[in-house]
Amino acid sequence: MTATFDITRYTDRERAPSSLYPGRIAAGNFAKAKRAITTVSSGNWHRTDPLPPREQTREKLRQKIIAGARALLSETESAEFSMRALAARADVAHMTPYNVFGSKQAVLLAVLDADMADFTRAVQERDVADPLSELYEVVGLCAEFWFSEPVFYKTLYRELLDLKGAPHQAMATPLRDGFWRRLTHALAEQGYLQSFVAEEPLSMNLRRIALQAISVWIARDLSKREVEAELGYSISLALLGVTAPASSSLVLTRLLNYQAIIEEAGARDG
């Protein structure tokens, strides 16, 4: 029998390979689309055979707690809520968040995981023809997602990234390492990168760029267009020296477009 898999049943601290994301969501109204996906969260593998009743109950509790945490982040603009307040908002017993997740940080990471599953689905929905175009679709989608619920995203990442110091955990970054590794590998495999480029350092650099972009957005009052330009410019700058000659002209064109937006914003702000 051929098994089918769903992102809803993966573990809190891992990400499923991108080839195992079967579902898609329509691009456009991301806030509405994400709230409509009630079956997506970071759990364990979802099998075609029914889960035992006890696991079904636990998964329902996970979903309620994740939804409650997301609501509190948006409503209070703070991650300083107590686990008892979270239990009340999720309509579960006051010890249930501890029993299911163990800590508030684990809850926040689960919220992040569920959101990243939605993001990956949205990337797939774009159905672009090549990995370089996909990378720039990711740039645009980051801005789309972040500005669909700005209070939620700023509050979540402010807590997880702890901008006064080092991140609480390396995994608390926009998109997992595996996401960037997949994109970088596709670029290399399809000839978009020069032969000397090592995939792992490049993927790590792209992830750090995304981390920096969201940190800048939190710290400064940037528009959606400016945030996309900041992220796209930094990614283009990183790619310009490593892309193959046939691809570098496209990267340069993107870089110049983003640069013009940044310069325009700088002139306006004085």
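Here the structure is shown first, and the text comes after it.
A brief report on the enclosed structure follows. (Residues numbered from 1 in each chain as written. Predicted model: local features only at pLDDT ≥ 70, side-chain atom pairs only at ≥ 80, totals over all residues. Heavy atoms only, no water.)

**As for the pattern of salt bridges**
Moving on, step 1. A complete count under the given rule lists 10 salt bridges for this structure.
Moving on, step 2. Across the salt bridge formed by Glu144 and Lys224, the nearest N and O atoms sit 3.0 Å from each other. Remark: Lys224 occurs in helix 10 (residues 224-240) and Glu144 occurs in helix 6 (residues 131-148); sequence separation between them is 80 residues.
Moving on, step 3. Assessed through its relative accessible area of 26%, Glu144 is described here as partly exposed.
Moving on, step 4. Take Lys224: its relative accessible area is 31%, and that puts it in the partly exposed class.
Moving on, step 5. A salt bridge links Arg225 to Glu264, with the nearest nitrogen and oxygen atoms 3.5 Å apart. In this pair, Arg225 is assigned in helix 10 and Glu264 in helix 11 (residues 245-269), connecting sequence segments 39 residues apart. (Salt bridge = Lys/Arg side-chain N within 4 Å of Asp/Glu carboxyl O. Helix = DSSP H or I, 4+ residues; strand = E, 2+ residues; numbered from the N terminus. Buried < 20%, exposed > 50% of the residue type's maximum accessible area, 1.4 Å probe, protein only.)

**Section: unusual backbone geometry**
Moving on, step 1. Its identity is not glycine, yet Glu77 carries a phi of approximately 55°, on the positive side.
Moving on, step 2. Counting through the fold element by element, Glu77 comes out in the loop between helix 2 (53-76) and helix 3 (83-90).
Moving on, step 3. Glu77 sits in the exposed class, given a relative accessible area of 55%.
Moving on, step 4. Phi at Asp91 takes a positive value of approximately 60°, unusual for a residue other than glycine.
Moving on, step 5. The class of Asp91 is exposed, set by a relative accessible area of 60%.

**Focus on the packing of helix 5 (residues 104-126) against helix 6**
Moving on, step 1. One way to put it is that helix 5 packs onto helix 6 with a least axis distance of 10 Å and a crossing angle of 130°. Of the possible angle classes, the one that applies to helix 5 and helix 6 is oblique. In the packing of helix 5 onto helix 6, the handedness of the crossing is right-handed. Between helix 5 and helix 6, the contacting residues are Asp115, Asp118, Phe119, Ala122, Val123 and Arg126 on the first element and Glu134, Glu137, Val138, Leu141, Cys142 and Phe145 on the second.
Moving on, step 2. Looking at the contact of helix 5 with helix 6 residue by residue, the class counts come to 7 nonpolar, no polar and 5 charged. (Axes fitted to C-alpha atoms, helices over the stretch in contact; angles between N-to-C directions. Parallel < 35°, antiparallel > 145°, perpendicular 65-115°, else oblique. Left-handed = near helix turned anticlockwise from the far one by under 90°. Contact = heavy atoms within 4.5 Å. Nonpolar A, V, L, I, M, F, W, Y, C, P; charged D, E, K, R; others polar.)

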